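The primary structure of each chain is shown beneath.
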Amino acid sequence: GIQVEQSPPDLILQEGANSTLRCNFSDSVNNLQWFHQNPWGQLINLFYIPSGTKQNGRLSATTVATERYSLLYISSSQTTDSGVYFCAVVTREAAGNKLTFGGGTRVLVKP
Amino acid sequence: KAGVTQTPRYLIKTRGQQVTLSCSPISGHRSVSWYQQTPGQGLQFLFEYFSETQRNKGNFPGRFSGRQFSNSRSEMNVSTLELGDSALYLCASSKGQGGTGTEAFFGQGTRLTVV
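Conventions used here
- Residues numbered from 1 in each chain as written.
- Chains lettered and ligands numbered in written order.
- Predicted model: local features only at pLDDT ≥ 70, side-chain atom pairs only at ≥ 80, totals over all residues.
- Heavy atoms only, no water.
- Helix = DSSP H or I, 4+ residues; strand = E, 2+ residues; numbered from the N terminus.
- Polar contact = N/O pair within 3.5 Å; in protein donor to acceptor, adjacent residues only side chain to side chain.
- Contact = heavy atoms within 4.5 Å.
- Pairing = 2+ DSSP bridges.
- Axes fitted to C-alpha atoms, helices over the stretch in contact; angles between N-to-C directions.
- Phe/Tyr/Trp six-rings, centres within 6.5 Å; stacked < 30°, edge-to-face > 60°.
- Buried < 20%, exposed > 50% of the residue type's maximum accessible area, 1.4 Å probe, protein only.
- Lys NZ or Arg CZ within 6 Å of the ring centre and 35° of its normal.

Residue and element names in this part refer to chain A. Mapped onto the elements of the fold, Asp 81 is located in the loop between β8 (69-74) and β9 (83-93). A distance of 2.8 Å separates a polar atom in the side chain of Asp 81 from a polar atom in the side chain of Arg 58. Ignoring any residue separated from it by four or fewer positions in sequence, one finds Asp 81 in contact with His 36, Arg 58, Ile 74, Val 107 and Val 109.

Here it is, written out as structure tokens:
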């Protein structure tokens, strides 16, 4: 099956710093999503981004599907940005859709 | 509009017992998928239901089963619980068709502890 790798696995930032998280995937995908997992475990949707670039406040994402990677940018980080960030790719298997997740990047923003 | 609702939020069960988890998707969404999250294995796909039919299944033993009702609500059942089944179980809802219909929205999860 498809492989999804995220880097770095851990990231420690000083409040106000910028950072880039990377997601590589091994095969063609239908779509790609970025999530932030909050301390209670819920996955919060950040971006649905099969290709191109999107921005939402201090966060932006770029997916280059032909080169099989996506980037998540966090600018002017805040302590509330702490948590685990996951990318997940959508593949069509059998008659249905399936999300395959990367291992996540654990981000800690220090005040 | 209301998000994805999972119940219960927390469960403690004994080895050998069975458990049923529930998921109510976003109104209008016909696809419900289930995922298991553990520290060792990360987030793994269990199965997907669309219009009451299982469309896709992950690599889990037959002790894990599910179903979907005509109102799109879904239940997941785990029989003969093992310690290794302790995990956060997440449910995702989507419209189910291609393109933007594959965008998934997750519930808050059910944290299952098997003792």
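This next bit is on the sheet that holds strand β7 (residues 64-68) of chain B. Residue and element names in this part refer to chain B. Taking strand neighbours across the sheet as the criterion, the four strands line up as β1-β3-β8-β7 in an open arrangement whose pairing is antiparallel. A strand with exactly one partner marks an edge of an open sheet, and here the two such strands are β1 (5-7) and β7. Averaged over all neighbouring strand pairs, the angle between strand axes comes to 15°, with direction disregarded. With three bridges joining them, β1 and strand β3 (residues 19-24) adopt antiparallel strand pairing. Paired with Thr 7 across the two strands is Ser 22, which belongs to β3.

In total, this model carries nine aromatic pairs over all chains according to the counting rule given. Ring geometry for A:Phe101 and B:Phe106: centres 6.1 Å apart, planes at 65°, overall edge-to-face. With A:Phe101 in strand β10 (residues 96-101) and B:Phe106 in strand β10 (residues 105-106), the pair connects residues from two separate chains. In this pair, the class of A:Phe101 matches that of B:Phe106, namely buried. These aromatic residues form a ring-pair network of at least three members: A:Phe35, A:Phe86, A:Phe101, B:Tyr35, B:Phe45 and B:Phe106. Lying across the ring of A:Tyr69, A:Arg22 places its NZ or CZ 4.3 Å from the centre. Here the basic side chain of B:Arg55 rests over the ring of B:Phe50, its NZ or CZ set 4.3 Å away from the ring centre.

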